[in-house]
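Remarks on the overall topology
Here is how the chains run, residue by residue.
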Amino acid sequence: MIEISKWKFNSNSPVMFMIDDIANVSIKNKINTDLQIGEDWGQYGTDENSMWDFLNKNLYILYPHIKTTFFLVTDKRSPQTSTTKYSYSEAIDKDEKFINFLNLLHNNKNIELAYHGTTHGIAELTNLKQEWNTYKSLDHAIETIEYGKELYKKVLGKYPLGGKYCGYEKGNYGDSSINKTNFLWWCRDWDAELESNKNKNDLSYELEYFNNTIDIPSNVDGSFLSIYKPQFSKKYLRTVYKYFKKNTLEKQIDALYNAKQIISIQEHSSPYRTDGKIQYPNIVSDIKNLQYIFKLLNKLDVWYATGTEIAEYFEIFKNIVIKENPKGFKFLNNSEKIIKKGTIVTIIFHQTSKIKVEVENKIYNSYEKNNIQLVNIPVYTNILYKVFKNE
Ligand SMILES: [Zn+2]
């Protein structure tokens, strides 16, 4: 029997590391000082103490296999309130340094830049009205998204494939605006929050379609601290509270892993907001916790991937079926969808002896994992994949 593995390499879970609100923005707490850690939202590129420098020195150096999906605010980002402001906030195409930085990220195979609105919303007297809540009609939403996508393309040469609502707020036109603007995938809900309130009906940790777009859940809060690392902070009190409700970070990750569901870790690029408050989660306050989370994950059989890699794999798993015949097998498209050619998927052969698969004049050898044989192979529909014994 042959089947398509739920995730690449027959791993239990994909791990998606999500950092929201990368932007051409910075927020200096004191003028005339060098950049301090946390003050950069992306504007400072690869400079010392920039967001990128901080991630490299504190996380990627320890866990170089992490794949990060950054959610990019494309136009001039609004401040948190109408009477406060950033030290610097401009559109992504405004200056050469930021354009070069974004291209450096875009060309890094461990990074994806996804879409996260134009201004992130409209600043009001006491709060920020999230972008999708500000759209007055479906047309208004679509026009704004198209504008933001063009800015992205101007800087990076192609359109974004996925994205996320600002503040996970859909507004009245959210899902239909996304379905109509050609995104492969989207993060629609802060699922970790749904768990503790009454909207449990919306709660799903499986990927699923909403019309033509794939919904990727967000389920691990990077500031959900380990109970084993006591701190004097409000966040730690919340962790203790959850502990008495019989939930810990470790249990949450275990449950997702055992159910073969995505582990998507939510973060922000900077702790500082224009109104002087600290936003959680953020990579700076949470760095010790993030190191701990990735250490836990290192012991598990997980697949580090970007949003698009996960969505493309899911698209095959959901829509393609295998039809076996005496010479081998074919992939058949069981849906109306146009499936991207050549996506690599993992095929499971429930046997212990090695095999090889031939397609398009190339040979793919199987390898053993937990007493079954696996082959990683590109998907083309309706052509014969010949299967041979590999002695
Ligand atoms: Zn955001």
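What counts, and where the lines are drawn
Residues numbered from 1 in each chain as written. Predicted model: local features only at pLDDT ≥ 70, side-chain atom pairs only at ≥ 80, totals over all residues. Helix = DSSP H or I, 4+ residues; strand = E, 2+ residues; numbered from the N terminus. Rg over C-alpha atoms; globule rule 2.2 N^0.38 Å. Buried ≥ 20, exposed ≤ 12 C-beta atoms within 10 Å, placed from the backbone. Pairing = 2+ DSSP bridges. Axes fitted to C-alpha atoms, helices over the stretch in contact; angles between N-to-C directions. Domains from an automatic or database assignment. Expected span 1.5 Å × (residues − 1). Arc of directions from axis to C-beta. Contact = placed C-beta atoms within 7 Å. Core = buried A, V, L, I, M, F, W, Y, C linked by C-beta atoms within 7 Å.

Describing the overall build of the protein chain
A tally of regular secondary structure across the protein chain gives nine helices and 23 strands. Taken over C-alpha atoms, the radius of gyration comes to 22 Å for the protein chain, in line with the 21 Å a tight globule of 391 residues would show. If one aligns the C-alpha atoms of the protein chain with their principal axes, the spans along those axes are about 70 × 50 × 45 Å. Relative to its 391 residues, the protein chain shows a buried fraction of 39%.

A short note on the sheet that holds strand 18 (residues 344-349)
The antiparallel open sheet is built from four strands, whose spatial order is 1-18-22-21. The sheet terminates laterally at strand 1 (2-4) and strand 21 (367-369), the two strands that pair on one side only. Strand-to-strand, the axes of this sheet are offset by a mean angle of 40°, without reference to chain direction. Sheet topology note: the strand 21/strand 22 (residues 372-378) ladder contains three bridges and is antiparallel. When the bridges of strand 22 are listed, lysine 369 appears paired with isoleucine 372.

Topic: the domain arrangement of the protein chain
Segmentation of the protein chain into domains returns domain 1 (12-309) and domain 2 (326-389). On a C-alpha basis, the centroid separation for the pair domain 1 and domain 2 is 35 Å.

Examining helix 3 (residues 138-156)
Within an α-helix, residues lying three or four positions from one another point in the same direction, as the helix has 3.6 residues per turn. For helix 3, spanning 19 residues, the distance from its first C-alpha to its last is 27 Å, which sits close to the expected 27 Å at 1.5 Å a residue. The set of residues buried in helix 3 consists of Ala141, Thr144, Ile145, Gly148, Lys149, Tyr152 and Val155. The arc enclosing the buried residues of helix 3, seen along the axis, measures out at 135°, which places them on a common side. Those residues of helix 3 that are buried are in contact with strand 4 (68-72), helix 2 (96-106), strand 6 (111-115) and helix 4 (174-179). Within two residues after helix 3, glycine 157 carries a phi angle of roughly 85°, on the positive side.

With respect to the environment of glutamine 252
Checked against the element boundaries, glutamine 252 lands in helix 7 (residues 249-258). Put simply, glutamine 252 and isoleucine 263 are 11 residues apart on the chain and 9.4 Å apart in space, counted from C-alpha to C-alpha. If sequence neighbours within four positions are ignored, glutamine 252 has contacts with Val220 and Asn247.

What about the environment of tyrosine 243?
Looking at where tyrosine 243 falls in the secondary structure, it is placed in helix 6 (residues 234-244). When the 13 C-beta atoms within 10 Å are taken as the criterion, tyrosine 243 is described as partly exposed. Dropping the residues within four chain positions of it, tyrosine 243 is found in contact with Ile227 and Thr248.

Some thoughts on unusual backbone geometry
Here the bond from tyrosine 280 into proline 281 is cis, since omega is -5°, no more than 30 degrees from zero. Within the element layout of this structure, proline 281 appears in the loop between strand 14 (263-268) and helix 8 (287-298). A positive phi angle, near 50°, is found at asparagine 211, a position not held by glycine. Here asparagine 211 is to be found in the loop between strand 11 (208-210) and strand 12 (213-215). Overall, asparagine 211 belongs to the exposed group, with 9 C-beta atoms counted inside 10 Å.

Quick notes on the pairing of strand 16 (residues 320-325)
When you tally the buried positions in strand 16, you get zero out of six residues, a small fraction of the element. In this structure, strand 16 lies alongside strand 17 (residues 328-333), joined through six bridges in antiparallel fashion. The residue bridging valine 321 from the neighbouring strand is leucine 332, located in strand 17. The loop that links strand 16 with its antiparallel partner strand 17 comprises two residues.

Some thoughts on the nonpolar core
Counting residues in each nonpolar core, the largest one holds 60 residues, and the members touching the most others are Phe70, Leu72, Ile216, Ile263 and Ile310. Every residue in contact with isoleucine 310, bar those within four places of it in the chain, is listed here: Pro14, Met16, Ile216, Ile262 and Ala305. Within the second largest apolar cluster, seven residues are counted, among which are Ile4, Ile347, Val375 and Ile377.

Some thoughts on helix 1 (residues 51-60)
Along helix 1, the residues classified as buried are Met51, Trp52 and Leu55. Projected down its long axis, helix 1 carries its buried residues within an arc of 90°, all on one side.

Remarks on the sheet that holds strand 19 (residues 355-359)
With respect to topology, five strands assemble into an open sheet ordered 16-17-23-19-20, the strand pairing being antiparallel. A single partner strand is all that each edge strand has here, and the edge strands are strand 16 and strand 20 (362-365). Taken over all neighbouring pairs, the strand axes of this sheet differ in orientation by 30° on average, direction set aside. As paired elements, strand 19 and strand 20 share four bridges and run antiparallel to each other. Residue lysine 356 lies in a different strand from strand 20, and its bridge partner there is asparagine 365.

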